[in-house]
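Residues per chain, in single letters:
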Amino acid sequence: MSASPFSADTFRHLARSSPWRWQSLRFELHRKFPTASDGGSGNSWVPPAAAVAGSANMVGPGKRARAGGESADPTLSMNCWVRRPGALRVETLEGKLLASTTKINESRDALFISGNRKPWLLPPSLVNPVKDSDGFVVRRPEALYGEPAYGSGRTAAALDPVELAGERPVPLEAPFANVAEIADIAMLTHHGRAAVEAVLTPNSSYRPVFADAPLLFPGRTAVRIDLETGICVASQSLDGETAGAGHWMVLLGIDEYMLDDLFEEVSMGLTDVRAHIPWDLGPTS
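Quick notes on the rules
Residues numbered from 1 in each chain as written. Predicted model: local features only at pLDDT ≥ 70, side-chain atom pairs only at ≥ 80, totals over all residues. Heavy atoms only, no water. 1 Å grid on protein atoms, 1.4 Å probe; cavity = no way out; pocket = protein on both sides within 12 Å on 5 of 7 lines; lining within 4 Å. Points joined across faces, edges and corners; volume = space filled by probe spheres on them. Nonpolar A, V, L, I, M, F, W, Y, C, P; charged D, E, K, R; others polar. Helix = DSSP H or I, 4+ residues; strand = E, 2+ residues; numbered from the N terminus. Phe/Tyr/Trp six-rings, centres within 6.5 Å; stacked < 30°, edge-to-face > 60°. Buried < 20%, exposed > 50% of the residue type's maximum accessible area, 1.4 Å probe, protein only. Polar contact = N/O pair within 3.5 Å; in protein donor to acceptor, adjacent residues only side chain to side chain.

Student: Quick question: what am I supposed to make of the layout of surface pockets here?
Tutor: With a probe scaled to a water molecule rolled over the atoms, the places where space remains empty come into view. A volume near 390 Å³ is recorded for the second largest pocket. Around the second largest pocket, the lining comprises 22 residues; the ones closest to its centre are Val162, Glu163, Gly166, Glu167 and Val209. Broken down by class, the residue content of the lining of the second largest pocket amounts to ten nonpolar, four polar and eight charged.

Here it is as structure tokens:
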């Protein structure tokens, strides 16, 4: 871990940048839910930057530090594949299929008589945002935002963590101008990848994309954002009854080529001509 050149504004710009920094993603997702032993114990699954001395990594996936050196598996772990826009595949770590988008090639005709503007918006990759000198997004244009969701929607929120920054800059004189107060910003590595960590405290203007799956918990939340992709790769509640809850992502592949078959319930791929093909000729005379 090292002192960060990031300001709070630059951190917010990075949190707005995900739609323009990747198109496909392969990753492990680990979810951690609060337990009685976590609350107030100081046993941090994702420790805040200011609390870690001489360490560049959080506790690894599938482990949580405990007094006495023990560890415990998180409650939920999955392998995921995402291809923008809208394609998602989810498996257990053992390879059992949990969910896939089975209608990615269906006609969208019905959308265009819905009576609102949303179906006519362009994907973010086709519009240009306002960027700062580091290439991070200061202001996002109107576009068709949204990631494929599974379960509570927390994964979708983490893939595009704009809720940590708000949609656009707001006047400084406005009360609670920013959705969260940002402190203890630090540069570090997350599974060998450059990342930025900070401790965020939401204020009354914070509005999560999914009301049931906010990235920020009441009180302080330790948050990590991958520098290359703008994805929220880790977060953890540090205070109160939710202490210890959060998520952890390990990015395994970025912008890999992904066939439609990966996201279909039944593969429509070509026949493997190397395999024997039986021909039923019926009963012989």
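Student: Looking at this model, I keep getting lost on empty space enclosed by the protein. Mind explaining?
Tutor: Taken as a whole, this structure holds one cavity of 30 Å³ or more when the rule is applied. Space inside the largest cavity adds up to approximately 50 Å³. Lining the largest cavity, in full, are Met78, Cys80, Val82, Leu88, Val90, Pro148, Ala149, Tyr150, Thr155 and Leu159. Looking at the lining of the largest cavity, the elements with two or more residues in it are β3 (76–83), β4 (87–91) and α2 (154–159). Considering each element in turn, the lining of the largest cavity owes the most residues, three residues, to β3.

Student: Please explain the packing of aromatic side chains as it appears in this structure.
Tutor: Geometry of an aromatic ring pair is reported as the spacing of the ring centres plus the angle between the planes. Enumeration according to the criterion identifies two aromatic pairs in this entry. Measuring from ring centre to ring centre gives 5.8 Å for Phe6 and Phe136, while their planes differ by 45°; the resulting arrangement is tilted. In this pair, Phe6 is assigned in the loop between β1 (2–3) and α1 (8–15) and Phe136 in the loop between β6 (130–131) and β7 (137–139), connecting sequence segments 130 residues apart. According to the relative accessible area criterion, Phe6 is buried, its value standing at 13%. A relative accessible area of 6% places Phe136 in the buried class. Note on Trp20 and Tyr145: the rings are 6.1 Å apart at their centroids and 70° apart in plane angle, and the pair reads as edge-to-face.

Student: Any chance you could explain unusual backbone geometry here in plain terms?
Tutor: Leave glycine aside and you will find that most residues have negative phi; peptide bonds, for their part, are mostly trans. Cis geometry is adopted by the peptide bond preceding Pro85, which originates at Arg84 and carries an omega value of -5°. Considering the arrangement of structural elements, one finds Pro85 in the loop between β3 and β4.

Student: Even after reading the chapter, I still don't get the environment of Trp22, so can you show me in this structure?
Tutor: Mapped onto the fold, Trp22 is located in the loop between α1 and β2 (24–32). Note: C-alpha distance between Trp22 and Thr229 (207 residues apart in sequence) is 6.0 Å. A distance of 2.9 Å separates the side chain of Trp22 from the side chain of Ser18, its partner in a polar contact.

Keep in mind these numbers describe shape, not what the thing actually does.
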